[in-house]
Amino acid sequence: MTQPLSVAILGASGRMGRSLIDATLCNDRLRLAAAVERAGNASIGVDVGVLVGQAAVGVVVSEPLAPAIRQSSVVVDFTAPGATLAALEACISSGTPIVIGTTGFTPDQKLLIAEAAKRIPLCIAANYAIGVNVALKLVELAARTLGADYDVEIVEAHHRHKVDAPSGTALAFGEAAAAGLDRDLLSNAVYGREGQTGARKRETIGFATVRGGDVVGDHTVLFLGEGERVEISHRATTRANFANGALRAAAWLVGKPAGLYSMRDVLSLND
Ligand code: NAD
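Small disclaimer: the values here were computed from a predicted structure and weren't measured.

Reading guide: rules and limits
Residues numbered from 1 in each chain as written. Predicted model: local features only at pLDDT ≥ 70, side-chain atom pairs only at ≥ 80, totals over all residues. Heavy atoms only, no water. Helix = DSSP H or I, 4+ residues; strand = E, 2+ residues; numbered from the N terminus. Rg over C-alpha atoms; globule rule 2.2 N^0.38 Å. Contact = heavy atoms within 4.5 Å. Buried < 20%, exposed > 50% of the residue type's maximum accessible area, 1.4 Å probe, protein only. Pairing = 2+ DSSP bridges. Domains from an automatic or database assignment. Buried area = accessible area lost by both parts, 1.4 Å probe. Salt bridge = Lys/Arg side-chain N within 4 Å of Asp/Glu carboxyl O. Polar contact = N/O pair within 3.5 Å; in protein donor to acceptor, adjacent residues only side chain to side chain. Axes fitted to C-alpha atoms, helices over the stretch in contact; angles between N-to-C directions. Parallel < 35°, antiparallel > 145°, perpendicular 65-115°, else oblique. Left-handed = near helix turned anticlockwise from the far one by under 90°. Near = heavy atom within 4 Å. Areas by Shrake-Rupley, 256 points an atom, 1.4 Å probe, with all protein chains shown as cover. Nonpolar A, V, L, I, M, F, W, Y, C, P; charged D, E, K, R; others polar.

**Student:** I would appreciate a short explanation of the overall build of the chain in the present structure.
**Tutor:** A tally of regular secondary structure across the chain gives 10 helices and 12 strands. In summary, the chain has a C-alpha radius of gyration of 20 Å against a globular reference of 18 Å for 271 residues, a match within 12%. Along the first, second and third principal axes, the C-alpha atoms of the chain reach 60 × 40 × 35 Å. When contacts within the chain are restricted to residue pairs at least 6 apart in sequence, long-range pairs at least 24 apart make up 68% of them.

Printed below as a string of structure tokens:
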């Protein structure tokens, strides 16, 4: 029998961290080697099983990054941009692959991530839910087939605690539509409208953001034409989708050469 894959989870006591711990403990092909939180977090020293409402498993949440990463075959990071960049340095030092789920990176931070991927296998995705990645593919296909006669608008909703907008997933849907239309998203994106906006410019890709309650993540891409509209929607009702997709990416990433990978690679959606 093959040995289970040892995983370190960064951001252990966060919403995603707990979901990842739960999914790892339920997966007999994975072993939770380490769970890391930032200094001062109330979960440090708590058994990870207890943290997610299960029986104790003998692994406690800890703070030092380097030893946690050294004892793991792969790292799964759902923290915050600064924490992810610190984790990248530690992963490069130990040659450990990393799955990045954190969103909200600046363009400069994205360049640092691309540099790191020249030295270690690195998977980054705005959304690890497998359904979302299938929807991204559908959006690209719809945009390419419907073409410039259809206006593209993207609506997303998330819980009241989310700190970045539009969501990384909404931006990924924008990129998918832009790719299908051979358009540049950066120069055509409109992030909300107010007041005397004037008529809609045809090449625009619009975003609207809703925040509130406990919404896990809803995204709809609208293709608005004359006399018909196409809507491609994904609704997440549990974080387990993201966790299971990220763990699938982690298992896929181990043994790959250094490089920048996405869920398209993990799910063979590149054709
Ligand atoms: P959260 O705030 O509940 O959890 C983040 C955790 O990271 C917190 O517990 C925080 O203490 C911890 N953290 C911060 N700095 C740290 C450090 N230096 N070392 C270790 N831990 C540290 O947030 P969340 O809802 O779990 O989301 C986390 C990130 O993942 C966000 O960027 C979010 O947008 C993203 N996210 C991505 C996906 C995806 O599929 N890619 C899905 C959900 C959330």
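Read on, since the account is not over.
**Student:** Which parts of the structure should I look at to understand the pairing of strand 7 (residues 151-158)?
**Tutor:** Side-chain positions along a regular strand alternate between the two faces of the sheet. When you tally the buried positions in strand 7, you get 7 out of 8 residues, the bulk of the element. Pairing of strand 7 with strand 10 (residues 217-224) involves 7 bridges; the strand directions are antiparallel. The residue of strand 10 that forms the bridge with E156 is H219. Across 7 bridges, the pairing between strand 7 and strand 9 (residues 205-211) is parallel. Opposite I154, over in strand 9, you have F207 as the bridge partner.

**Student:** Quick question: what am I supposed to make of the domain arrangement of the chain here?
**Tutor:** Interface size is commonly expressed as the accessible area that is lost once the parts come together. Domain boundaries in the chain define domain 1 (5-124 + 239-266) and domain 2 (130-236). Its C-alpha centre places domain 1 at a distance of 28 Å from the equivalent point of domain 2. With 9 residues of domain 1 at the interface, the matching set in domain 2 holds 11 residues. Taken together, both faces of the contact between domain 1 and domain 2 bury some 880 Å²; the carbon and sulfur share is 53%. Linking domain 1 to domain 2 there are 1 salt bridge. Inspection of the domain 1/domain 2 interface yields 2 residue pairs in polar contact (both at pLDDT 80 or more).

**Student:** Any chance you could explain the packing of helix 4 (residues 81-94) against helix 5 (residues 107-116) here in plain terms?
**Tutor:** The packing of two helices is summarised by the inter-axis angle and the distance between the axes. Relative orientation of the contacting elements helix 4 and helix 5 amounts to 20°, with a least axis distance of 11 Å. By the angle between their axes, helix 4 is roughly parallel relative to helix 5. Once helix 4 is placed against helix 5, the crossing between them reads as left-handed. Facing helix 4, whose interface residues are P81, L85, L88 and I92, helix 5 presents Q109, L112, I113 and A116.

**Student:** Help me understand unusual backbone geometry in this model?
**Tutor:** Excluding glycine, residues mostly carry a negative phi; peptide bonds, for their part, are mostly trans. The peptide bond linking A165 to P166 adopts the cis configuration, its omega dihedral lying at -10°. Following the sequence through the fold, P166 ends up in the loop between strand 7 and helix 7 (168-181). We note that S268 has phi near 55°; this positive angle belongs to a residue other than glycine.

**Student:** What should I look at first to understand the pairing of strand 9 in this one?
**Tutor:** The pairing of strand 8 (residues 189-191) with strand 9 spans 3 bridges and is classified as parallel. Looking at strand 9, one finds that V190 is bridged to G206.

**Student:** How do you make sense of the sheet that holds strand 2 (residues 30-36) when you look at a structure like this?
**Tutor:** Neighbouring strands of a sheet are bound in pairs by backbone hydrogen bonds; such pairs are parallel or else antiparallel. Strand order in the open sheet formed by 7 strands is 3-2-1-4-5-6-12, and the pairing between neighbours is parallel. Edge positions in the open sheet fall to strand 3 (61-62) and strand 12 (259-261), since each of these has one partner strand only. Direction of pairing for strand 1 (residues 5-10) relative to strand 2: parallel, over a ladder of 6 bridges. Across the sheet, residue V7 finds its bridge partner in strand 2, namely L32. Against the sheet, helix 4 touches strand 1, strand 4 (74-77), strand 5 (98-100) and strand 6 (121-124), its axis set at about 165° to strand 5. Strand contacts of helix 5: strand 5, strand 6 and strand 12, with the helix running at about 145° to strand 6, the strand carrying the most contacts.

**Student:** Please explain the environment of F207 as it appears in this structure.
**Tutor:** Following the sequence through the fold, F207 ends up in strand 9. Note: C-alpha distance between F207 and E153 (54 residues apart in sequence) is 6.0 Å. Those residues within four positions of F207 in sequence are excluded, and the remaining contacts are I154, P166, A170, L171, G174, L185, A189, V190, Y191 and G192.

**Student:** Explain the site of the ligand here, please?
**Tutor:** Residues in contact with the ligand amount to 21 residues; listed here are only the nearest, R15, M16, E37, T103 and Y128. Considering the ligand on its own, with 860 Å² of exposed area, one finds that the protein chains cover 80% of that surface. Each residue belonging to the shell around the ligand can be placed in one class, and the counts come to 8 nonpolar, 9 polar and 4 charged.

**Student:** Whenever I open this one, helix 1 (residues 15-25) confuses me. Can you help?
**Tutor:** All of the buried residues in helix 1 are M16, G17, S19, L20, I21, A23 and T24. If you follow the buried residues of helix 1, they end up packed against strand 1, strand 2, helix 2 (48-51), strand 4 and helix 9 (240-253).

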